[in-house]
Amino acid sequence: MDIQAALKKGQLILKNNNILSAKLDSEILMSEVIRKNKKYIVLNLYKEIEKRELEYFINLIQERAKRKPIAQITKKKDFWKYEFVVNNNVLIPRPDTEILIEQALKLVKNKNRLQILDIGIGSGCILMSILKEKKNFIGTGIDINSKSLQISKVNSHKLGINNRLKLFKSNIDNFNTGKYDLIVSNPPYIKTNDLKCLEKDIGFEPKQALDGGLDGLSEVRKVIHKSSVLIKKNGYLIIEIGFDQKEKVKKILLNKGFYIKETVKDLSNHDRCIVSGKI
């Protein structure tokens, strides 16, 4: 079977399982199987593929048909300017979260050597993207999940910033190490009762990284409370929020002595992150 016929077969399986991105997903999975980029595929549609490659391709298609995210199938995800290793122990990096990187870099544009803390580091995509841009910054990442920290460690070596990064297994309540110029966090902020309503794809991601408690703000409160203790004078906190949480999160921040610098919208024009500071 040639590449084109295999792609059509893959697309048909995905379409029959209501995967809207059937064409793109088939091409991505074919690239993974034959280890060639999309350009190669387009220029070699009539090239025969080996039987074992076809079997591998169909296996991957079947995984996607069950709504398993592409990033978990390929075990990688592009974020900011870099490629991160991911698996089912970490949240898949999303384009909307790149807003946190933009805001952080804007804040520290003229700074040289700062200490940054990432609360709930996961794959490391937020903190490590900042560290790649700012060669003299030092990072600390904490996470309650040791398997997430293993992925962070892999990514730190892959990106060559492991010598500027410390990782700690800890929940935020028990973490008391250091003082920080900048704190970033994408905490769980989905209401527990809303988890069952999410798209099937999201069901493959760790619930712990999504579940924000009954009102969606239980982890947000913890992050803000501990940040008020760990942040240096004139430091900044950048936190990702749910689209309908702006006013409630602003109130929590103000009650903990932060001032609101800016609220930033995502690609869909929803409130997505709050930049706050401590005097």
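Scroll up a little and you will see the structure.
On a predicted model such as this, the values are computed, not experimentally measured, just so you know. (Residues numbered from 1 in each chain as written. Predicted model: local features only at pLDDT ≥ 70, side-chain atom pairs only at ≥ 80, totals over all residues. Heavy atoms only, no water.)

Undergrad: I'd love a proper account of the side chain of Asn-87, names of residues and values included.
TA: Positionally, Asn-87 belongs in the loop between strand 2 (82-85) and helix 6 (98-107). At a separation of 2.8 Å, a polar atom in the side chain of Asn-87 contacts the main-chain amide nitrogen of Asn-89. Residues in contact with Asn-87, not counting those within four places in the same chain, are Gln-72 and Ile-151. (Helix = DSSP H or I, 4+ residues; strand = E, 2+ residues; numbered from the N terminus. Polar contact = N/O pair within 3.5 Å; in protein donor to acceptor, adjacent residues only side chain to side chain. Contact = heavy atoms within 4.5 Å.)

Undergrad: Can you lay out the side chain of Ser-185 for me, pointing to particular residues and giving the numbers?
TA: In this structure, Ser-185 sits in strand 6 (residues 180-185). At a separation of 2.9 Å, a polar atom in the side chain of Ser-185 contacts the main-chain carbonyl oxygen of Ile-119. When near neighbours in sequence (up to four residues on either side) are disregarded, Ser-185 contacts Leu-100, Asp-118, Ile-119, Val-223, Ile-238, Ile-239 and Glu-240.

Undergrad: Quick rundown of the pattern of salt bridges? Include the residues and the values.
TA: In this structure the tally under the stated criterion is 19 salt bridges. As a salt-bridge pair, Lys-68 and Glu-63 come within 3.0 Å of each other at their nearest N and O atoms. Glu-63 gets classed as partly exposed once you look at its relative accessible area, which sits at 26%. As a salt-bridge pair, Lys-232 and Asp-181 come within 3.3 Å of each other at their nearest N and O atoms. Of the two residues, Lys-232 is situated in strand 7 (residues 231-240) and Asp-181 in strand 6; the sequence distance between them amounts to 51 residues. (Salt bridge = Lys/Arg side-chain N within 4 Å of Asp/Glu carboxyl O. Buried < 20%, exposed > 50% of the residue type's maximum accessible area, 1.4 Å probe, protein only.)

Undergrad: Run through helix 6, naming residues and quoting values.
TA: Along an α-helix, a turn takes 3.6 residues, which lines up residues three or four apart on a common side. With respect to burial, helix 6 is a largely interior element, eight of its 10 residues being buried. If you check which residues of helix 6 are buried, you get Glu-98, Ile-99, Leu-100, Ile-101, Gln-103, Ala-104, Leu-105 and Leu-107. Looking at the buried side of helix 6, the elements it contacts are strand 1 (76-79), helix 7 (125-133), strand 6, strand 7, strand 8 (258-265) and strand 9 (271-278).

Undergrad: Give me the lowdown on the pairing of strand 5 (residues 165-169), citing residues and values where you can.
TA: In this sheet, strand 5 lies alongside strand 4 (residues 138-143) in parallel orientation, the contact comprising five bridges. Its bridge partner being in strand 5, Gly-139 is matched across the sheet by Leu-165. Regarding the hand of the β-α-β motif, the stretch spanning strand 4, helix 8 (residues 146-158) and strand 5 is right-handed. (Pairing = 2+ DSSP bridges. Right-handed = clockwise from strand over helix to strand, strands pointing away.)

Undergrad: Describe the environment of Ile-151, and please don't skip the residues or the numbers.
TA: If you trace the backbone, Ile-151 turns up in helix 8. The spatial distance from the C-alpha of Ile-151 to the C-alpha of Lys-23 is 30 Å, given a sequence separation of 128 residues. When neighbours within four sequence positions are excluded, Ile-151 is seen to be in contact with Val-85, Asn-87, Val-90 and Ser-123.

Undergrad: Provide a residue-level description of unusual backbone geometry, including the pertinent values.
TA: Across residues other than glycine, the phi torsion is negative in most instances, and most of the peptide bonds are trans. Notably, Asn-18 is not glycine yet its phi reads approximately 60 degrees, a positive angle. With respect to the helices, strands and loops of the structure, Asn-18 is situated in the loop between helix 1 (3-16) and helix 2 (22-34). The backbone of Arg-35 sits at a positive phi, close to 60 degrees, despite the residue not being glycine. If you trace the backbone, Arg-35 turns up in the loop between helix 2 and helix 3 (38-43).

Undergrad: Outline the layout of surface pockets, listing residues and values.
TA: Within this model, the second largest pocket holds a volume of roughly 450 Å³. Surrounding the second largest pocket, 18 residues form its lining, Arg-64, Pro-69, Arg-94, Glu-199 and Asp-201 being those nearest its centre. Split by residue class, the lining of the second largest pocket holds nine nonpolar, two polar and seven charged. (1 Å grid on protein atoms, 1.4 Å probe; cavity = no way out; pocket = protein on both sides within 12 Å on 5 of 7 lines; lining within 4 Å. Points joined across faces, edges and corners; volume = space filled by probe spheres on them. Nonpolar A, V, L, I, M, F, W, Y, C, P; charged D, E, K, R; others polar.)

Undergrad: Describe the sheet that holds strand 6, and please don't skip the residues or the numbers.
TA: The sheet built from seven strands is open, its strands ordered 5-4-3-6-7-9-8 with mixed pairing. Strands at the two margins of the open sheet, each flanked by one partner only, are strand 5 and strand 8. Within this sheet the neighbouring strands show an average axis-to-axis angle of 15 degrees, counted without direction. As paired strands, strand 7 and strand 9 are joined by five bridges and run antiparallel to one another. (Axes fitted to C-alpha atoms, helices over the stretch in contact; angles between N-to-C directions.)

Undergrad: Tell me about the environment of Lys-76, and please be specific about residues and values.
TA: Looking at the secondary structure, you find Lys-76 in strand 1. With 12 residues separating them in the primary sequence, Lys-76 and Arg-64 have C-alpha atoms 15 Å apart. If sequence neighbours within four positions are ignored, Lys-76 has contacts with Glu-32, Ala-71, Glu-83, Phe-84, Val-85 and Val-86.

Undergrad: Describe the nonpolar core, naming the residues involved and giving the relevant values.
TA: For soluble globular proteins, the rule of thumb is that nonpolar side chains tend to be buried together. Grouped together as the largest cluster of nonpolar side chains are 30 residues, with contacts concentrated most on Phe-84, Ile-126, Ile-130, Phe-137, Leu-182 and Ile-238. For this core, the secondary-structure elements that each account for two or more residues are strand 2, helix 6, helix 7, strand 6 and strand 9. One finds Ile-183, Val-220, Ile-231 and Ile-241 within the second-largest nonpolar core, a separate group that totals 25 residues. (Core = buried A, V, L, I, M, F, W, Y, C linked by side-chain atoms within 4.5 Å.)

Undergrad: So what's going on with the pairing of strand 4? Which residues, and what values?
TA: Counting buried residues along strand 4, six of its six residues qualify, which places the element largely inside the surrounding structure. Covered by surrounding structure in strand 4 are Ile-138, Thr-140 and Ile-142 together with Gly-139, Gly-141 and Asp-143, the residues of both alternating faces. Bridge count for strand 3 (residues 115-119) against strand 4 is five bridges, and the pairing is parallel. Within the sheet, the bridge partner assigned to Asp-118 lies in strand 4 and is Gly-141. Read as a crossover between parallel neighbours, the route from strand 3 over helix 7 to strand 4 is right-handed.

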